[in-house]
Amino acid sequence: MTHINRLPFGCAHPGLINSQDSLDSASSDSASSISSMDTSIRSGLQDRLGLYQIFLRLYENHRGLLDEILGLESSGTRSFGRITTPYIQGMVIGDQISIVTNLLHGRTQATTQPQNTWLIGRDSCQVSIALPDRRLSRCHASVQYVEEQGFYLTDLGSSNGSLVNGELIQGATLLKDGDRIRLGSLIFTFFLCQSTHCFQPVNFSNSNSSAIADICVPLKSLAQVQTEVELLEDIDATPSQENSSETNFLEDTCRFNHKQDLSKGQCHDIC
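Residues numbered from 1 in each chain as written. Predicted model: local features only at pLDDT ≥ 70, side-chain atom pairs only at ≥ 80, totals over all residues. Heavy atoms only, no water.

## Brief notes about the overall build of the protein
Phase 1: For the protein, the helix and strand inventory stands at five helices and twelve strands.
Phase 2: Within the span of the protein, comprising 271 residues, buried residues form 25% of the whole.
Phase 3: Here the contacts in the protein between residues at least 6 apart in sequence split such that 33% fall between residues at least 24 apart.
Phase 4: Summed over its atoms, the accessible surface of the protein is roughly 20100 Å², and 54% of this surface lies on carbon and sulfur atoms. (Helix = DSSP H or I, 4+ residues; strand = E, 2+ residues; numbered from the N terminus. Buried < 20%, exposed > 50% of the residue type's maximum accessible area, 1.4 Å probe, protein only. Contact = heavy atoms within 4.5 Å. Areas by Shrake-Rupley, 256 points an atom, 1.4 Å probe, with all protein chains shown as cover.)

## What about the packing of aromatic side chains?
Phase 1: Taken as a whole, this structure holds three aromatic pairs when the rule is applied.
Phase 2: Connected via pairs of aromatic rings, a cluster forms that spans Y145, F151 and F190. (Phe/Tyr/Trp six-rings, centres within 6.5 Å; stacked < 30°, edge-to-face > 60°.)

## Brief notes about the sheet that holds strand β6 (residues 141–146)
Phase 1: A sheet is described by the order of its strands in space; here five strands give the open sequence β5-β4-β6-β7-β10, paired in mixed fashion. Single-partner strands in this sheet number two, and they are β5 (129–130) and β10 (172–174).
Phase 2: Bridging between strand β4 (residues 117–121) and β6 involves four bridges; their strand directions are antiparallel. Paired with I120 across the strands is A141, a residue of β6. (Pairing = 2+ DSSP bridges.)

## Topic: the nonpolar core
Phase 1: If you look at the biggest cluster of nonpolar residues, it comprises 24 residues, and the most contacted ones within it are I88, F151, L153 and I181.
Phase 2: Taken together, the elements giving at least two residues each to this core come down to β1 (87–93), β2 (96–101), β4, β6, β7 (150–155), β11 (179–183) and β12 (186–193).
Phase 3: The contact partners of I88, leaving out residues within four places of it in the chain, are I99, V100, T101, L103, I120, I129, F188, T189, F190 and F191. (Core = buried A, V, L, I, M, F, W, Y, C linked by side-chain atoms within 4.5 Å.)

## Details of the sheet that holds strand β8 (residues 162–164)
Phase 1: With mixed pairing, the seven strands of this open sheet are ordered in space as β3-β2-β1-β12-β11-β8-β9. The outermost strands of the open sheet, each flanked by one partner alone, are β3 (109–111) and β9 (167–168).
Phase 2: Here five bridges tie β11 to β12, and the two strands are oriented antiparallel to one another. Looking across to β12, one finds that R180 is bridged to T189.

## What to know about the environment of N116
Phase 1: Its location among the elements puts N116 in the loop between β3 and β4.
Phase 2: As a C-alpha pair, N116 and Q96 span 20 residues in sequence and 9.9 Å in three-dimensional space.
Phase 3: Those residues in contact with N116 that lie beyond four places of it in its chain are I97, V143, Q144 and Y145.

## Some words on the pairing of β6
Phase 1: Of the pairings in the sheet, the one linking β6 to β7 comprises six bridges and is antiparallel in character. Looking at the pairing, Q144 lines up with Y152 of β7.
Phase 2: Adjacent in sequence and paired antiparallel, β6 and β7 are bridged by three residues, among which E148 carries a positive phi angle near 65°.

Pasting the structure below:
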């Protein structure tokens, strides 16, 4: 006959107690792990949000710099190419007022305007500096020179506004050398040149300038070049005896020098 050990009423079996403790411990560990994962995910999201905010600021204030960063990222291991910095330079040289810029067709050009007012926008029929930027208005802004004051940037009621050094401008704003301007998606630097300086002539007698003196060889006049060409043609047309190539070369050289001296009114018995 099999005996069954019965526990007093209300007492749990030790094995069940151990199992319950294990379940509670596992549940606690799982909750702790989930909490840790939740904290890690939250931290990762905060980091990504911070990066997003940084890129957003770059996009708003330094679009050109962001484009360069993204360009470097996408270039991989490719070699660095030529980087062109967009700019507009106001030039005041005497009575001549002009703007030098590389925004037109990617080439640096000096431009003048009768009223000293350059319009910038998307419509080539209305503006002086037309740029294919969808965020530019047809007639977005103007750069105008005011005598004895300087160059002013004026927003012409554009849809996206005009910014100077990250600040939205209202009305005409006097530009300073090195100002960063944003029109639509375009960001460029404004430079100002209002003076010239003439340096002293280079003293080629100085030993330090000997290398420059060697480079600065006086150019021959067109008449001298034509005379030498005619002399060479005469030499080629003159029949010579069948000698070695070295002898022919020496004879041609002597004949050329002799004719050149004759053309200068000199006579030397060289050959």
